[in-house]
There are 2 protein chains.
Amino acid sequence: MVIERKDMKAEVRERLRGGEGNTEILHLVNCEKEKNIRMLAEMTLQPGCSIGTHNHDSETEYYIILSGSGIINDNGADAPVKTGDVVITGGGSSHSLCNTGDVPLVLHAVIVTY
Amino acid sequence: MVIERKDMKAEVRERLRGGEGNTEILHLVNCEKEKNIRMLAEMTLQPGCSIGTHNHDSETEYYIILSGSGIINDNGADAPVKTGDVVITGGGSSHSLCNTGDVPLVLHAVIVTY
């Protein structure tokens, strides 16, 4: 099945997970119809916006940074992220992500459940 | 865990699944260490290159087209794909993909198992 971008569901979440500003989410797939995947989305954080700290239990989230840069808090430790990096968070670990740059931070978010 | 692009495993597969030319694969994650995910990769097909027809049993593959265009054979039917499109193939369905354009066709491939 081919899904065109114009047919994907877009939403804007305010202060996602207690973060700052908005998280723009384009749902690439309706995961309610899929198995072992809870999210497959493109997310955009404008400069200064963030996703707050949250855990991933019984699932793993993969962030694939498509453009921009920021700071990830990876289970308690801050680390820079930039275009091309991947962040893996699962098995009860936590993360948060802030766009500390001056251009949009765009990423693919994939959450695989187990 | 943050993985930088320079530390990801790259490989070139010739005539992947019986297709034409090469498929350049950058493994974003070592999926041997992960659960319910068999591939998370960036794939590049140069013009004229293709991935041959193959099935996905007990798993679903998601192609997220990052740039370029081509033709997907989606379980027997040809359809055009372009930047921003997503292709879902699972539950025993088959697909093949050919870069019929004149620029590289780049995509993220995600295979979720079940």
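Everything below is about the structure printed above this text.
Residues numbered from 1 in each chain as written. Chains lettered and ligands numbered in written order. Predicted model: local features only at pLDDT ≥ 70, side-chain atom pairs only at ≥ 80, totals over all residues. Heavy atoms only, no water.

1. Some points on the environment of Asn 55 of chain A
Residues and elements named next belong to chain A. Its location among the elements puts Asn 55 in strand β5 (residues 50-55). For the pair Asn 55 and Val 103, spaced 48 residues apart in sequence, the C-alpha separation works out to 27 Å. Not counting the four nearest positions on each side in its chain, Asn 55 is found in contact with Gly 92, Ser 93 and Ser 94. (Helix = DSSP H or I, 4+ residues; strand = E, 2+ residues; numbered from the N terminus. Contact = heavy atoms within 4.5 Å.)

2. A look at the relation of the copies chain B and chain A
If you rotate chain B by 180 degrees and push it 0.0 Å along the axis, it lands on chain A with an RMSD of 0.0 Å. In short, the pair behaves as if placed about a two-fold rotation axis. Both copies contact each other with a shared surface, as 100% of the interface residues of chain B are interface residues in chain A too. (Least-squares fit on C-alpha atoms with pLDDT ≥ 70 in both.)

3. Section: the sheet that holds strand β1 (residues 2-3) of chain B
Judged by pairing direction, the sheet is antiparallel, and its 7 strands sit side by side in the order β2(A)-β3(A)-β4(A)-β11(A)-β6(A)-β9(A)-β1(B) without closing on themselves. Because the sheet does not close on itself, it has two edges, and the strands there are β2 (9-14) of chain A together with β1 of chain B. (Pairing = 2+ DSSP bridges.)

4. Describing the interface of chain B and chain A
In this complex, chain B contributes 33 residues to the contact, which on the side of chain A involves 33 residues. Counting each side, the surface lost to burial between chain B and chain A is near 2,700 Å², with a carbon and sulfur contribution of 63%. Remark: the boundary between chain B and chain A carries 2 salt bridges. Its salt-bridge partner being Glu 4 of chain A, residue Lys 82 of chain B comes within 2.7 Å of it at the nearest N-O pair. Our count for the contact surface shared by chain B and chain A stands at 13 residue pairs in polar contact (both at pLDDT 80 or more). Elements supplying a minimum of two residues to the side of chain B that touches chain A: β1, β4 (37-45), β6 (59-67), β7 (69-74), β8 (77-82), β9 (86-90) and β11 (105-113) of chain B. Its residues placed into classes, the side of chain B that touches chain A shows 21 nonpolar, 5 polar and 7 charged. Relative to β1 of chain B, strand β9 (residues 86-90) of chain A is paired through 2 bridges, and the arrangement is antiparallel. By the bridge assignment for β1 of chain B, Val 86 of chain A is matched with Ile 3 of chain B. (Buried area = accessible area lost by both parts, 1.4 Å probe. Salt bridge = Lys/Arg side-chain N within 4 Å of Asp/Glu carboxyl O. Polar contact = N/O pair within 3.5 Å; in protein donor to acceptor, adjacent residues only side chain to side chain. Nonpolar A, V, L, I, M, F, W, Y, C, P; charged D, E, K, R; others polar.)

5. Notes on the pattern of salt bridges
Scanning the model with the defined rule gives 14 salt bridges over all chains in all. Here Glu 4 of chain B makes a salt bridge to Lys 6 of chain B, at a shortest N to O gap of 3.9 Å. Residue classification places Lys 6 of chain B among the exposed positions, given a relative accessible area of 64%. Overlapping salt bridges bring together Glu 4, Lys 6 and Asp 7 of chain A together with Lys 82 and Asp 85 of chain B as one network. (Buried < 20%, exposed > 50% of the residue type's maximum accessible area, 1.4 Å probe, protein only.)

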